[in-house]
Amino acid sequence: MSRTSSWYRFHNPMSPSARRRGALARTIAAEAGPIIREPELRVTCPSCGDDYKNDRVKTSNIEEDISGRDVVTFYCPFCEKEVQSFVFSK
Ligand SMILES: [Zn+2]
């Protein structure tokens with residue numbers, strides 16, 4: 001009888017141990033699953049209109065405007081000068 005009830009507990013999806021196994025399986029799946037990419041951050045040069053990946057340009061300063069948006073000062077390789085841009089995420 002105890003064998004039957006432990007079998008039942010093991011296979012009953014609502015049992016605490018089954019929920020733990022389910023949680024563990026979800027944790028493993030989450031860790032093994034596709035890595036959630038950080039949103040790609042881009043900056044747009046106001047002078048030439050090109051946008052660049054934030055980590056591909058030389059950033060000299062990052063500040064916040066009054067509404068809390070990130071304003072990046074970066075060196076535009078096309079215009080060959082420092083420009084300022086909001087940061088966009090894609
Ligand atoms: Zn430019």
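Look up a bit, the structure's there.
In short, a report on the structure. (Residues numbered from 1 in each chain as written. Predicted model: local features only at pLDDT ≥ 70, side-chain atom pairs only at ≥ 80, totals over all residues. Heavy atoms only, no water.)

## Some points on the pattern of salt bridges
This is how it is decided: Salt bridges are defined as contacts in which a side-chain nitrogen from Lys or Arg sits within 4 Å of a carboxyl oxygen from Asp or Glu.
In the structure shown here, the tally under the stated rule is three salt bridges. Taking the shortest distance from any N to any O, the salt bridge between Arg42 and Asp51 comes out at 2.7 Å.

## Overview of the side chain of Ser85
To keep it simple, the criterion reads: Secondary structure elements are taken from DSSP: a helix is a run of H or I of four residues or more, a strand is a run of E of two residues or more, and numbering for both begins at the N terminus. To sort residues, take the accessible area from a 1.4 Å probe on protein chains only and compare it with the maximum for the residue type: under 20% means buried, over 50% means exposed, and anything in between is partly exposed. In what follows, a contact means two residues having at least one pair of non-hydrogen atoms within 4.5 Å.
Among the structural elements, Ser85 can be located in strand E5 (residues 81-89). The buried category is assigned to Ser85, whose relative accessible area is 6%. Apart from the residues lying within four places of it in its own chain, the contact partners of Ser85 are Val43, Thr44, Asp70, Val71, Val72 and Phe74.

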